[in-house]
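Each chain, letter by letter, is given below.
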Amino acid sequence: MIGVTDREDTMTNTIRTKVGIIGGGPSGLLLSQLLDLKGIDNVVLEKHTRDYVLSRIRAGVLEHGFAELMREAQCGDRMDAEGEIHEGFEINDHGTMHRVDLAGHTGGNSVVVYGQTELTRDLYDVREKMGGKVIHEALDVAIHGANTDSPALTYRQGDETFRVECDFIIGADGFHGVSRKSIPRDVLNEFEKIYPFGWLGVLSRTKPVNPELIYSKTDRGFALCSLRSQTLSRYYIQVPLTESVEDWSDDDFWAELRARLPDDVAARLETGPSIEKSIAPLRSFVAEPMRWGNLFLAGDAAHIVPPTGARGLNSAASDIYYLYHGMVDHYLNGDGAGLEAYSAKALARVWKAQRFSWWMTTMLHHFPDQSDYDRKLQEIELAYLLSSEAAMTSLAENYVGLPF
Ligand code: FAD
Ligand code: DHB
């Protein structure tokens, strides 16, 4: 039996808490930590082991508002010590590099380069230190009575079945989780766009090719040079959806990446064995509304963006910001307005991130079936951006993160 929360019935394996959170990814853990700091009892159910969650290599760029939320969660020390502040990035337009001055176009704002893996590790560590209830290998999680005043979750661990009774359920269980699927089809509206390519990503223990990120547009397709630290590089190349990781040896990857960089940058590219290699298909997706009764969706459970522009994790963080404040108002101030407004408020920002990610993706990738007219428009979109202070300001304000 697990030791848990407000009240516990050992005979029936029933746990009572205020907020039942499905998913121990960044969204679920961050909300759990913020609520706990305000004395709002909660339980996180995660279907995988901690090691498995930490083995997934994902996002790397945090908006300054997200970094601030990590500090508020008392979880920003390592991020501040080891993360890198980036005040700009580069765009390679067919061999010519152009710098996007984020700080200059936003009154001094910047982003923090710090990996999702490290951020998640920090959240696990702080939850553990505070005695937070994060239950791993919680299988067959099911939602009951989401649209009633007595919602509950059930799950299985080994042969035992547990029931979590709560006031609210948070679906922070990613795109493939159970939460969104528990909402009736006639309640949910889903919007989706699939792109005809994916990103092949490689992590390597090599010095990054450039101090700042490079988003690279070439006739061979898109590439991104990113980093996790001064000894750990993260690179991506656009690949057709028909390709698989096995089709790409490390040597092939490095050769193709080099071919998508300006000659002088390619010449200084340090290569080495990949320590992770994966392909992510590109997809835009939004589910509306983000609340059904006492079930609230957050993060990838409700919306996905193509990675160009690094909005995915950051959009998850803005959902958590709204949910956290809504919960605090509800429990500490007796004010339900924040939770009432959650879906509309979160979606307003989510759709702006959708627009930005779609725009960056469309401008920088090679589209196999593009008409000549569309190609001309794509070229002029980038040319306009690079020639206009107003367009650069728009890019910069979106990249550093719109206000919550
Ligand atoms: P997740 O991280 O998916 O976490 C959900 C958790 O719920 C997981 O731990 C999962 O195991 C658990 N879970 C699922 N189902 C259940 C269940 N039934 N019961 C219990 N637990 C369950 N974003 C960026 O901003 N920048 C990037 O560079 C970037 N790169 C990415 C690269 C890849 C390959 C991928 C897949 C995503 C990338 N993203 C990026 C997106 C970003 O990683 C996600 O937006 C972010 O992980 C969302 O966090 P989350 O907590 O909402 O969901
Ligand atoms: C990374 C991924 C992105 O999609 C992006 O726009 C910037 C950085 C990364 O994984 O480092």
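The preceding data block contains the structure.
### Let's talk about the site of ligand 1
Then step 1. Within the structure, ligand 1 sits among 30 residues, and Ser27, Glu46, Arg56, Gln116 and Asp300 are positioned closest to it.
Then step 2. A distance of 3.3 Å is found between an oxygen atom of ligand 1 and a backbone nitrogen or oxygen belonging to Pro26.
Then step 3. In this structure, an oxygen atom belonging to ligand 1 sits 3.1 Å away from a side-chain N or O atom of Arg58.
Then step 4. Protein coverage of the free-state accessible area of ligand 1, which is 990 Å², stands at 87%.
Then step 5. Only helix H1 (26-37) and helix H9 (312-333) provide two or more residues apiece to the shell around ligand 1.
Then step 6. A per-element tally of the shell around ligand 1 places H9 first, with three residues.

### Thoughts on the sheet that holds strand S15 (residues 189-204)
Then step 1. The strand order S8-S7-S16-S17-S18-S15-S19-S22 describes an open sheet built from eight strands, whose pairing is mixed. One side of each edge strand has no neighbouring strand; the edge strands of this open sheet are strand S8 (96-101) and strand S22 (303-304).
Then step 2. Both S15 and strand S18 (residues 232-240) contribute to a ladder of eight bridges, which runs antiparallel. Bridge assignment links Gly201 to a residue of S18, and that residue is Tyr236.
Then step 3. Running at roughly 125 degrees to strand S19 (residues 274-288), helix H10 (residues 337-364) makes contact with strand S7 (88-93), S15, strand S16 (214-218), strand S17 (221-229), S19 and S22 of the sheet.

### Quick notes on the packing of H10 against helix H12 (residues 389-400)
Then step 1. Taken N-terminus to C-terminus, the directions of H10 and H12 make an angle of 120 degrees; their axes are 11 Å apart at the nearest point. Considering their axes alone, H10 and H12 lie oblique with respect to each other. Crossing geometry of H10 relative to H12 is assigned as left-handed. Contact residues: H10 offers Lys352, Arg355, Phe356, Trp359 and Met360, while H12 offers Ser394, Leu395, Asn398 and Tyr399.
Then step 2. Residues that form the contact of H10 with H12 fall into these classes: five nonpolar, two polar and two charged.

### Some words on the environment of Arg205
Then step 1. Checked against the element boundaries, Arg205 lands in the loop between S15 and S16.
Then step 2. We classify Arg205 as exposed; its relative accessible area is 64%.
Then step 3. When the C-alpha positions of Arg205 and Arg56 are compared, they lie 16 Å apart, and in sequence the two are 149 residues distant.

### Brief notes about H9
Then step 1. In this model H9 runs 31 Å from its N-terminal to its C-terminal C-alpha over 22 residues, within 8% of the 32 Å that 1.5 Å per residue would give.
Then step 2. Gly334 sits one or two residues past H9 and shows a positive phi near 65 degrees.

### Observations regarding the packing of helix H3 (residues 64-72) against H9
Then step 1. H9 packs onto H3 with a crossing angle of 50 degrees between their chain directions and a minimal axis gap of 10 Å. As summarised for this structure, H3 and H9 are arranged oblique, according to the angle between their axes. Note on packing geometry: the crossing formed by H3 with H9 is left-handed. Contact residues: H3 offers Phe66, Leu69 and Glu72, while H9 offers Leu313, Asn314, Ala317, Tyr321 and Tyr324.
Then step 2. Its residues assigned to classes, the contact of H3 with H9 comprises six nonpolar, one polar and one charged.

### Structural notes on unusual backbone geometry
Then step 1. The linkage connecting Glu288 with the following residue, Pro289, adopts the cis geometry, with an omega of -10 degrees.
Then step 2. One non-glycine residue with positive phi stands out, namely Gln74, at about 55 degrees.
Then step 3. Turning to its location among the elements, Gln74 is positioned in the loop between H3 and helix H4 (77-82).
Then step 4. Residue classification places Gln74 among the exposed residues on the basis of a relative accessible area of 55%.
Then step 5. With a phi angle near 60 degrees, Ala310 is a residue other than glycine that sits in the positive phi range.
Then step 6. Positionally, Ala310 belongs in the loop between S22 and H9.

### As for the side chain of Asp41
Then step 1. Mapped onto the elements, Asp41 comes out in the loop between H1 and strand S4 (42-45).
Then step 2. At 2.9 Å, the side chain of Asp41 forms a polar contact with the side chain of Lys133.

### Considering the sheet that holds strand S6 (residues 84-86)
Then step 1. With antiparallel pairing, three strands are arranged side by side in an open sheet as S5-S9-S6. Sheet topology places strand S5 (61-63) and S6 at the edges, where each strand pairs with a single neighbour. Along the sheet, successive strands turn relative to each other by an average axial angle of 35 degrees, direction set aside.
Then step 2. Bridging between S6 and strand S9 (residues 111-113) involves three bridges; their strand directions are antiparallel. Its bridge partner lying in S9, Glu84 is registered against Val113.
Then step 3. Set on the sheet, H3 makes contact with S5 and S9; between it and S5 the angle comes to about 85 degrees.

Cut-offs and rules
Residues numbered from 1 in each chain as written. Chains lettered and ligands numbered in written order. Predicted model: local features only at pLDDT ≥ 70, side-chain atom pairs only at ≥ 80, totals over all residues. Heavy atoms only, no water. Near = heavy atom within 4 Å. Polar contact = N/O pair within 3.5 Å; in protein donor to acceptor, adjacent residues only side chain to side chain. Areas by Shrake-Rupley, 256 points an atom, 1.4 Å probe, with all protein chains shown as cover. Helix = DSSP H or I, 4+ residues; strand = E, 2+ residues; numbered from the N terminus. Pairing = 2+ DSSP bridges. Contact = heavy atoms within 4.5 Å. Axes fitted to C-alpha atoms, helices over the stretch in contact; angles between N-to-C directions. Parallel < 35°, antiparallel > 145°, perpendicular 65-115°, else oblique. Left-handed = near helix turned anticlockwise from the far one by under 90°. Nonpolar A, V, L, I, M, F, W, Y, C, P; charged D, E, K, R; others polar. Buried < 20%, exposed > 50% of the residue type's maximum accessible area, 1.4 Å probe, protein only. Expected span 1.5 Å × (residues − 1).

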